[in-house]
Amino acid sequence: MWTLSAAAASPQSESNGPISVEPNPQVFATMCALVAAGFGSDAVPANPDLAELRTRLRSLQGPATQKLRDYYRQHALADSGATLSRFIAFALVAGPAPGFVPTLKREELPPPVVALDGFSDVLANFYAEAQIEQFWRQFEPIYERAAAGVREPLAQLVLVSTGYLREIVRPGARTFRVYVEPMVGNDTNVRNIGDRYAVVVNPASPSFDLIRHALLHYLLDPLPIRYREKLVGQQRLLFYADRAPNLPAEYRSDLTSFFDECFVRAVEFRVRRLPAAQLASKVDSAEANGYVLIRPLLKSLSKFEMSEPSISLFFPDLVTSIDVIAEQQRLQSVKFAPASDSQPPRERAEGLGTKKDNAAGAPSDVETELTAAERMIAEKDAAGAARAFERILLRVPGQPRALYGLAVASVLQGDAEHARALFEQVVAAAHDDSPELRPEPATLAWSHIYLGRMHDLAEEREEAVQEYRAAMAIDNSSDAARTAAQSGIERPYRPPVGRGAPE
């Protein structure tokens, strides 16, 4: 049986260990910018140091600060948690000050960061004007003390989890970081960026349940990926899970991610050592929300607990021990819970799992589904994306990102007329009375560009140029959109050879 050394279980203060708790200067700078722009409640923080910092940030003035506030108003979402999530996603891929240039290529950036195109320059200018580096030097010791208070409970989570799994955490490319940031308030943000897992928490009220869940993903995610070919037999069970209204969109069409999430939750139930009655209630609730593999996985984990190998060696047997036919028969009588917008925080955590979504948070359920659908677009799964966007529009009619996404999916499927109608709805929504139904600058600009390309294909050059100029006139749109619009003004759009719809 594997044994666990104290060194392997203890989160380190240095960044070179696989697991650590620490402050993050990029997260700090980003949160300073958000607070200066007006993010957060008007309640004064109980900590006098943080109250002072908040007051100083809110009182900042200057051209770069005003530019920041304008940018924030353009990119803030109706859900404050979703707004925080996308800016935290940016901070986790941002390079060091003073430039904050993303460390990933543009095509590798997650959708929330792509939506914040141009924020690196906005943040860099604000950072210099407001002298955020001096704030960081002043508050870094406070953040370091806060990190020290989280290390011991995290070490206990690591010890219990790795002890149950009979695994040792070894140094390597895969890392798990808990970043302390008091300015995030009650929101815990979680994301995995390739092999880098990050949790951003308020050290005054850290959600250790969510941290444990993220830690188990860090420990277990490689297994379903390594043995994905053995999961094929479970595909029929995913068809049953797809009937559950509350199952998040990212699991409906991806068996590996679905199995991984059920696997992590099953291990989590065992690690927590819940009383039998509480465990039964938790399993019933999870299954009602679509996580139908948890029950058979718990049976398989009982066999694991009676064996000797580590979970990484036992995993193939765990998969094959599930009786798919018996589970199919059982699931025929399962009643799924009706659709609900009120999900517990972990249900809204984004960016965990086998997809390696490239940088999360606790956004709204709709935000999570939008991101998953946009990922399908990036993967050229137009049919799957269309279904996902249609589900969102049934729940939130007129949601601009869903309208735009469905339009792009229609383009990919060759349905130009449907796409045109949807792009026109996005453009019309720019004047909607409800701010939450107005498209963001990048979405609006690209809708104009797509419409311009459609006019070009119809030999309607004057109308096409009008659309391209409308895209150019939109403040805070992306550089890519401006380049595409300028190109459209200079010459008529022609699709690549073999394609009949604008890309």
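As a starting point, this report considers the structure included with it.

Quick notes on the rules
- Residues numbered from 1 in each chain as written.
- Predicted model: local features only at pLDDT ≥ 70, side-chain atom pairs only at ≥ 80, totals over all residues.
- Heavy atoms only, no water.
- Pairing = 2+ DSSP bridges.
- Helix = DSSP H or I, 4+ residues; strand = E, 2+ residues; numbered from the N terminus.
- Axes fitted to C-alpha atoms, helices over the stretch in contact; angles between N-to-C directions.
- Expected span 1.5 Å × (residues − 1).
- Buried < 20%, exposed > 50% of the residue type's maximum accessible area, 1.4 Å probe, protein only.
- Phe/Tyr/Trp six-rings, centres within 6.5 Å; stacked < 30°, edge-to-face > 60°.
- Lys NZ or Arg CZ within 6 Å of the ring centre and 35° of its normal.
- Core = buried A, V, L, I, M, F, W, Y, C linked by side-chain atoms within 4.5 Å.
- Contact = heavy atoms within 4.5 Å.
- Parallel < 35°, antiparallel > 145°, perpendicular 65-115°, else oblique.
- Left-handed = near helix turned anticlockwise from the far one by under 90°.
- Nonpolar A, V, L, I, M, F, W, Y, C, P; charged D, E, K, R; others polar.
- Salt bridge = Lys/Arg side-chain N within 4 Å of Asp/Glu carboxyl O.

**Side note on the sheet that holds strand β1 (residues 19–22)**
Line of reasoning, step 1. Taken in spatial order, the four strands of this open sheet run β1-β2-β4-β3, and their pairing is mixed. Two strands in the sheet have a free side with no partner beyond their single neighbour: β1 and β3 (189–193). Neighbour to neighbour, the strand axes of the sheet diverge by 15 degrees on average, direction disregarded.
Line of reasoning, step 2. For β1 and strand β2 (residues 175–180), the ladder comprises four bridges, and the chain directions are parallel.

**Some words on helix α9 (residues 208–220)**
Line of reasoning, step 1. Relative to the 18 Å expected for 13 residues at 1.5 Å per residue, α9 spans 18 Å between its end C-alpha atoms, a close match to the ideal helical length.
Line of reasoning, step 2. For α9, the complete set of buried residues consists of Leu210, Ile211, Arg212, His213, Ala214, Leu215, Leu216, His217, Tyr218 and Leu220.

**Quick word on unusual backbone geometry**
Line of reasoning, step 1. At the junction of Ala97 and Pro98, the peptide bond is cis and its omega measures out at 5 degrees in the coordinates.
Line of reasoning, step 2. Structurally, Pro98 can be placed in the loop between α5 (80–93) and α6 (111–114).
Line of reasoning, step 3. Unlike most non-glycine residues, Arg166 shows phi in positive territory, near 55 degrees.

**Observations regarding the packing of aromatic side chains**
Line of reasoning, step 1. By the definition in use, this model includes 20 aromatic pairs.
Line of reasoning, step 2. Ring centres 6.0 Å apart and planes at 70 degrees place the aromatic pair Trp136 and Tyr143 in the edge-to-face group. Both residues of the pair, Trp136 and Tyr143, count as buried.
Line of reasoning, step 3. Ring centres of Phe259 and Phe263 lie 6.3 Å apart, and the angle between their planes is 40 degrees; this geometry places the pair in the tilted category. In this pair, Phe259 and Phe263 are both assigned in helix α13 (residues 255–271), four residues apart and thus about one turn of the helix distant.
Line of reasoning, step 4. Taking relative accessible area as the criterion, Phe259 reaches 0% and is therefore assigned buried.
Line of reasoning, step 5. One aromatic cluster is present, formed by Tyr71, Tyr72, Phe87, Phe90 and Phe119 through successive ring pairs.
Line of reasoning, step 6. Above the face of the Phe304 ring, Arg166 is positioned so that its terminal group lies 4.1 Å from the ring centre.
Line of reasoning, step 7. The ring of Tyr291 carries the charged tip of Arg265 above its face, separated from the ring centre by 3.9 Å.

**Things to note about the nonpolar core**
Line of reasoning, step 1. Core analysis: the largest hydrophobic core is formed by 48 residues, its most contacted members being Phe28, Met31, Leu57, Phe119, Phe126, Ile132 and Met183.
Line of reasoning, step 2. For this core, the element with the most residues is helix α2 (residues 25–37), which contributes 10 residues.
Line of reasoning, step 3. Setting aside anything within four residues of it in sequence, one finds Phe28 in contact with Leu53, Ile132, Phe135, Trp136, Phe139, Tyr143, Glu181 and Met183.
Line of reasoning, step 4. Leu220, Leu247, Phe258 and Val264 belong to the second largest nonpolar core, which has 45 residues in total.

**Thoughts on the packing of helix α22 (residues 441–457) against helix α23 (residues 461–472)**
Line of reasoning, step 1. Between α22 and α23, whose axes approach to 8 Å, the crossing angle comes to 165 degrees. The orientation of α22 with respect to α23, classified from their angle, is roughly antiparallel. Between α22 and α23 the crossing geometry is left-handed. The segment α22 lies against α23, with Ala445, His448, Ile449, Leu451, Gly452, Arg453, His455 and Asp456 engaging Arg461, Glu463, Ala464, Glu467, Tyr468, Ala470 and Ala471.
Line of reasoning, step 2. Each residue belonging to the contact of α22 with α23 can be placed in one class, and the counts come to seven nonpolar, three polar and five charged.

**Notes on the pattern of salt bridges**
Line of reasoning, step 1. In the structure shown here, the tally under the stated rule is 18 salt bridges.
Line of reasoning, step 2. Ionic pairing is found between Arg265 and Glu261, a salt bridge with its closest N-O pair at 2.7 Å. Taken together, the residues span about one helical turn, with Arg265 and Glu261 both in helix α13 at a distance of four residues.
Line of reasoning, step 3. One salt-bridge network, in which partners are shared between bridges, spans Asp284, Glu287, Arg295, Glu327 and Arg330.

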